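# Remarks on the overall topology
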Amino acid sequence: MSRAKTKIIMLLSLTALVTAACGNGKESTSTGPVTISFYSYNLAIASQKEGTQQLITEFEAAHPNIKIDAIPVTSTEINTKVQADIAAGSRPDVAQLVFDGLDYAVQNYNAKALEDIVPADELKKNFAGFSPNGLKLGQLKGKTYGLPFTFSTPVLFYNAKLFKDAGLDPENPPKTWEEVKTYALQIAAKTKASGVHVGGAAGADWIVQALIGSNGGKVLSDDRKTIQFGEPAAIGAIKMWQDLVQSGASDKMNDTEVIQAFSESKVGMLLYTSALQSALLSASKAGGWDLKAVQMPSFGSKPTTPVNSGSALFVLSDDKAKQQAAWEFLKFVTSERGYTIITSKIGYLPLRPAIVDDPKYLKDWVAANPLVKPNLDQLTRLQPWVSYPGSKWSQIETILLEGVQKSIQSSGDATSIMQDAQKRAQSLMP
């Protein structure tokens, strides 16, 4: 073959390679634009939409080659939509899911472990500074399937004016459930308000899990095979709750009713998600009373085990380029800047604790919003929201909540009620 012909062949080959690599800009996944779908229930909540959109807007500005197709879905419908869309061949790339569905998301949605799509050194670098207890919330069998995103813990809000009206010192709030009962009965006796309401008996079981754990109990064995919410320690926590209602220290309102009542200064104390802080502060200012908050009360000297509400971000895409784009998105929204927006604009806890003392991020905001401090203090004792295994995980959670409701709304035998609930739930285990 002549030298001239060889050069022509080499030139044609090079041209073919360049054409294959560049084409018309559509085949390069490493440098071309990537759009990822993001299912978010924060976007479906009026008070949280603006802050969540700010996260997306700032991310897109910093990453011009990645676009976020943000899709608002209510928290009660998001699992159903994800499942239906996967079945229809329209798999979301990133989904914001609550922690009680962690096991199901891993087993049924093919959620990607971050350890399998991100280099180990990069993952380690990104996890530095992240709350260790917070990080565990999205882990299963040693891998991180859900990156914790927005979440809160149970705190005891109380009305300082009602404390004073009842002859109680608002600077000396109750620390144990026994003290809560005493304070609540005094509020009920000396004011027109009800004493205390413990939220979380319906909807999701994270507060129930926090109460059971704080009394030394469990809802599920460590090997994830045995339901345990009918065991003595768990029953003891529910009996405390039942006693608050039966003694008159607590009311029988549902959570929606009591949030409104508390906002109107008709309830002295409320154990519920710290995410209510902003709304309750607005109500207290409008109503002329002072809102205060402390950590969740304990069972005597036993340490409390706060359990989180809230969500993690799951990467569900099977496409490598979209997985990398999703990882860039996850990194940003859980960065120092991301959590500054999440805490100050949406109302959830920062899972990078150092930023609360950093003037570049949240120091000034925390100084102006001291009610966040009990929530921050509870991070050191945070326990994961246990997800039940198998396809019937939601039914198991419902059985637990129905047992709690039946116990606290009646004078029935909580022991037999909870033991029966445990037996029925065990029959649904895989």
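The preceding data block contains the structure.
A few points on the structure. (Residues numbered from 1 in each chain as written. Predicted model: local features only at pLDDT ≥ 70, side-chain atom pairs only at ≥ 80, totals over all residues. Heavy atoms only, no water.)

### With respect to the packing of aromatic side chains
Note the following rule: Centre distance within 6.5 Å is the pairing criterion for rings of Phe, Tyr and Trp, where only the six-membered ring of Trp is used; planes under 30 degrees apart are then read as stacked, over 60 as edge-to-face, and the remainder as tilted. Each helix corresponds to a stretch of at least 4 residues labelled H or I by DSSP, and each strand to a stretch of at least 2 residues labelled E; elements are numbered beginning at the N terminus. Summary of the burial criterion: residues with accessible area below 20% of their type's maximum are buried, those above 50% are exposed, and those between are partly exposed, where the area comes from a 1.4 Å probe applied to protein chains only.
Enumeration according to the criterion identifies 10 aromatic pairs in this entry. When the centroid spacing of 5.1 Å and the interplanar angle of 70° are considered together, the rings of F38 and F329 count as edge-to-face. Highlighted residues: F38 in strand β1 (residues 34-40) and F329 in helix α14 (residues 320-333), separated in sequence by 291 residues. Accessibility expressed as a relative area gives 2% for F329, which makes it buried. Taken together through their ring pairs, the aromatic side chains of F38, F59, F329 and F332 make up a single cluster.

### Some words on α14
This is how the line gets drawn: Expected span of a helix: the number of residues minus one, times 1.5 Å.
Compared with an ideal rise of 1.5 Å per residue, which puts 14 residues at 20 Å, α14 spans 20 Å between its outermost C-alpha atoms and is within 8% of the ideal. Listing the buried residues of α14 in full gives A321, Q323, A325, A326, W327, F329, L330, F332 and V333.

### Some thoughts on the packing of helix α10 (residues 206-214) against helix α11 (residues 232-246)
Inclusion rule: Orientation is described by lines fitted to C-alpha atoms, with helices fitted over the stretch in contact, and by angles between N-to-C directions that extend from 0 to 180 degrees. Here is the rule for angles: anything less than 35 degrees is roughly parallel, anything more than 145 is roughly antiparallel, 65 through 115 is roughly perpendicular, and the remaining ranges are oblique. Crossings are assigned a handedness: left-handed for a near helix turned anticlockwise from the far helix by less than a right angle, right-handed for a clockwise turn. Residues count as neighbours in contact if any of their non-hydrogen atoms are within 4.5 Å of one another. All amino acids are sorted into three groups, where Ala, Val, Leu, Ile, Met, Phe, Trp, Tyr, Cys and Pro are nonpolar, Asp, Glu, Lys and Arg are charged, and the leftover types, Gly among them, are polar.
As a packed pair, α10 and α11 sit with axes 8 Å apart at the nearest point and diverge in direction by 110°. Relative to α11, the element α10 lies roughly perpendicular. Both α10 and α11 take part in a crossing whose hand is right-handed. Where α10 approaches α11, its residues V208, L211 and I212 are matched on the opposing element by A234, A237, M240 and W241. In terms of residue class, the contact of α10 with α11 is built from 7 nonpolar, no polar and no charged.

### Overview of the environment of Q83
To be explicit about the condition: Under the rule applied, a polar contact is a pair of N or O atoms within 3.5 Å (in protein, one hydrogen donor and one hydrogen acceptor; residues adjacent in sequence only if both atoms are side-chain atoms).
For Q83, the location among the structural elements is in helix α3 (residues 78-87). Residue class for Q83 comes out partly exposed when judged on its relative accessible area of 40%. On a C-alpha basis, the gap between Q83 and Q107 in space is 12 Å, while along the polypeptide they are 24 residues apart. Not counting the four nearest positions on each side in its chain, Q83 is found in contact with Y104 and Y109. Polar contacts involving the side chain of Q83 include one to the side chain of Y104, which spans 2.8 Å.

### Overview of the sheet that holds β1
Here is the rule: At least two DSSP bridges between two strands are required for those strands to pair.
Taken in spatial order, the 5 strands of this open sheet run β2-β1-β3-β11-β6, and their pairing is mixed. At either end of the open sheet lies a strand with only one pairing partner, and these are β2 (66-72) and β6 (146-152). Between one strand axis and the next, the sheet turns by 25° as a mean value, whatever way the strands run. Here β1 runs beside β2; their pairing, made up of 7 bridges, is parallel. Across the sheet, F38 pairs through a bridge with A70, a residue of β2. Against the sheet, helix α2 (residues 46-62) makes contact with β1, β2 and β6, and its axis sits at roughly 165° relative to β2, the strand it touches most. Against the sheet, α14 makes contact with β1, β2, β3 (94-98), β6 and β11 (309-315), and its axis sits at roughly 55° relative to β1, the strand it touches most.

### Details of the side chain of Q48
When you line up the elements, Q48 lands in helix α2. For Q48, a relative accessible area of 7% corresponds to the buried category. A distance of 3.1 Å separates polar atoms of two side chains, one belonging to Q48 and the other to Y348. Contacts of Q48, omitting those with residues within four sequence positions, involve N42, I346 and Y348.

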